[in-house]
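Observations on the three-dimensional arrangement
Residues per chain, in single letters:
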Amino acid sequence: MPGLILFGILIMLPIALTLIYSFFKISFLTNDFHFIGTKNFYKLLHKKDFYNSLQIVLLLTFIAVIASNVIGIIFAKLLNHKNKIFIILRVLIFTPFILSPIVVGYTFSSILTDNGILNQFLNYFSIEHNISWLGDPKYALISISIALCWQLIAFCTVIYLACLKNIPTELEDAVKIDGASGLKKFIYLDWPFLAPALTINTVVILISSFKLYDRVLALTGGGPGRSTETISMLIIRTAFNENRVGFASSMSLILLIISGVTTFAALIYLGRREISI
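It should be emphasised that the depicted structure is a prediction, and the values quoted were computed from it without experimental measurement.

As a further point, take the overall build of the chain. Helix and strand counts for the chain stand at 12 helices and 2 strands. Mapped from its N terminus to its C terminus, the chain presents α and β elements in the order α-β-β-α-α-α-α-α-α-α-α-α-α-α. Seen through its C-alpha atoms, the chain measures out along the principal axes to roughly 75 × 55 × 35 Å. Across the 277 residues of the chain, 40% fall into the buried class. Within the chain, residue pairs in contact and separated by at least 24 positions form 68% of the contacts whose partners lie at least 6 positions apart. A total of about 15800 Å² of accessible surface is found on the chain, and carbon and sulfur atoms cover 70% of it.

Here it is in structure tokens:
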């Protein structure tokens, strides 16, 4: 019962307040509340910034889902050994995920600045000169993708590794006797066991990507211009900088619906795929 009360206060109450606020024109500075019905949602349909932010989030989500899962599987296969050194490597590779996203953002910010480590490294080998990784819209989104995937790859690797450890030794021996190795072994033995991990990882990545805020704030602040402004950043800017709490609430509600539907659809699709495998 206490857990249910806590869930209601921390989860359901904020969602209910967001739903209520989305039908009002609110100013916390003047303490004005005016009921305006669905006008906030109508305005949202014609707000270009929202579609721009949605496009950015969807692109980052797509990159994160593909890159994190693929690289996570590769790392899991490479680390799936019983040697002691691989145990140490498993601990080290999980470390990025336990770091705070804001810490990761500022760490990558120091690496990717115009005079950062990466540009110094490239200049040393005369590969490229002074790429503005965070100041050029063409590279800023790539930089955010790298920072996001760096953390998510760590999580995916550990989950995939746990599934690989659950493969019975009898099946491993049978595959070796049959002469299957490499790609065939992965397709017919490893991949079916990795199906539950794919579901878990994809859902976690979707949730993490849709609410992306900390890393972007530390890396680019949504710039240059608004070329990397995510929906979460747009909501914060609208609510606190522009003092349009009701309008920001309507955006929050739409984001909740989009992320919820997308995550639920992925969960259903990947869950059915597990059964078919």
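From this point, the discussion proceeds with the structure in view.
Turning our eyes to something else, we now look at unusual backbone geometry. The omega torsion across Gly223 and Pro224 is 0 degrees, close enough to zero to call that bond cis. Tracing the chain through its elements places Pro224 in the loop between helix 10 (214–219) and helix 11 (231–241). Here the phi dihedral of Asn243 falls at roughly 60 degrees; this positive angle occurs in a residue that is not glycine. Of note, Asn243 is situated in the loop between helix 11 and helix 12 (245–276).

Sheet topology note: the strand 1 (residues 24–27)/strand 2 (residues 32–35) ladder contains 4 bridges and is antiparallel. Looking at the pairing, Ile26 lines up with Phe33 of strand 2. Connecting strand 1 to the next strand, strand 2, in antiparallel fashion are 4 residues, including Asn31 with a positive phi near 60 degrees.

Soluble globular proteins: nonpolar side chains tend toward being buried together. Core analysis: the largest hydrophobic core is formed by 54 residues, its most contacted members being Tyr160, Leu219, Ile231 and Met251. Elements with a minimum of two residues in this core: helix 3 (48–79), helix 5 (101–112), helix 7 (137–165), helix 9 (183–210), helix 10, helix 11 and helix 12. The element contributing the most residues to this core is helix 7, with 12 residues. Once residues lying within four places of it in the same chain are set aside, the contact partners of Tyr160 are Asn69, Gly72, Ile73, Ala76, Leu194, Ala197, Leu198 and Asn201.

Most of helix 11 sits out of view: 8 of its 11 residues are buried. Within helix 11 the residues assigned to the buried category are Ile231, Ser232, Met233, Leu234, Ile235, Arg237, Thr238 and Ala239. One or two positions beyond helix 11, positive phi appears at Asn243, with a value near 60 degrees.

What follows concerns helix 4 (residues 84–98). Residue pairs spaced three or four apart in an α-helix point in one direction, given the helix's 3.6 residues per turn. Along its 15 residues, helix 4 runs 22 Å from first to last C-alpha, staying within 8% of the 21 Å computed at 1.5 Å per residue. Inspection of helix 4 places Arg90, Ile93 and Pro96 among the buried residues, and these make up the whole buried set. Around the axis of helix 4, the buried residues are gathered within 115 degrees of arc, so they sit on the same side. Across from the buried face of helix 4, at angles greater than 90 degrees, the exposed residues are Lys84, Ile88, Val91, Leu92 and Ile98. For helix 4, the elements touching its buried residues are helix 3, helix 5 and helix 7.

A pair can form between side chains of opposite charge whenever their charged atoms are brought close. A full pass over the atoms with the stated rule returns 5 salt bridges. For Arg226, the salt bridge is made with Asp49, and the minimal N-O distance between the two is 2.7 Å. Of the two residues, Arg226 sits in the loop between helix 10 and helix 11 while Asp49 sits in helix 3, which places them 177 residues apart along the sequence. The class for Arg226 is partly exposed, based on a relative accessible area of 39%.

Inspection of the secondary structure puts Ser209 in helix 9. Overall, the relative accessible area of 1% leaves Ser209 in the buried class. At 2.8 Å, the side chain of Ser209 forms a polar contact with the backbone oxygen of Ile205. With residues up to four places along the chain from it excluded, the contact list for Ser209 reads Val57, Thr61, Ala64 and Leu148.

With that out of the way, let us pick up the packing of helix 3 against helix 9. Contact geometry of helix 3 with helix 9 gives a least axis separation of 9 Å together with a crossing angle of 145 degrees. In the crossing of helix 3 with helix 9, the sense of the turn from one axis to the other is right-handed. Every residue of helix 9 that contacts helix 3 at Val57, Leu58, Thr61, Ala64, Val65, Ser68, Asn69, Ile73 and Lys77 is listed here: Lys185, Phe186, Asp190, Trp191, Leu194, Leu198, Asn201, Thr202, Ile205, Leu206, Ser209 and Phe210. When grouped by side-chain class, the residues that make up the contact of helix 3 with helix 9 number 12 nonpolar, 6 polar and 3 charged.

The next thing to look at is the environment of Phe264. Note on placement: Phe264 falls in helix 12. Distance in space between the C-alpha atoms of Phe264 and Tyr21 is 25 Å, their sequence separation being 243 residues.

Parameters and conventions
- Residues numbered from 1 in each chain as written.
- Predicted model: local features only at pLDDT ≥ 70, side-chain atom pairs only at ≥ 80, totals over all residues.
- Heavy atoms only, no water.
- Helix = DSSP H or I, 4+ residues; strand = E, 2+ residues; numbered from the N terminus.
- Buried < 20%, exposed > 50% of the residue type's maximum accessible area, 1.4 Å probe, protein only.
- Contact = heavy atoms within 4.5 Å.
- Areas by Shrake-Rupley, 256 points an atom, 1.4 Å probe, with all protein chains shown as cover.
- Pairing = 2+ DSSP bridges.
- Core = buried A, V, L, I, M, F, W, Y, C linked by side-chain atoms within 4.5 Å.
- Expected span 1.5 Å × (residues − 1).
- Arc of directions from axis to C-beta.
- Salt bridge = Lys/Arg side-chain N within 4 Å of Asp/Glu carboxyl O.
- Polar contact = N/O pair within 3.5 Å; in protein donor to acceptor, adjacent residues only side chain to side chain.
- Axes fitted to C-alpha atoms, helices over the stretch in contact; angles between N-to-C directions.
- Left-handed = near helix turned anticlockwise from the far one by under 90°.
- Nonpolar A, V, L, I, M, F, W, Y, C, P; charged D, E, K, R; others polar.

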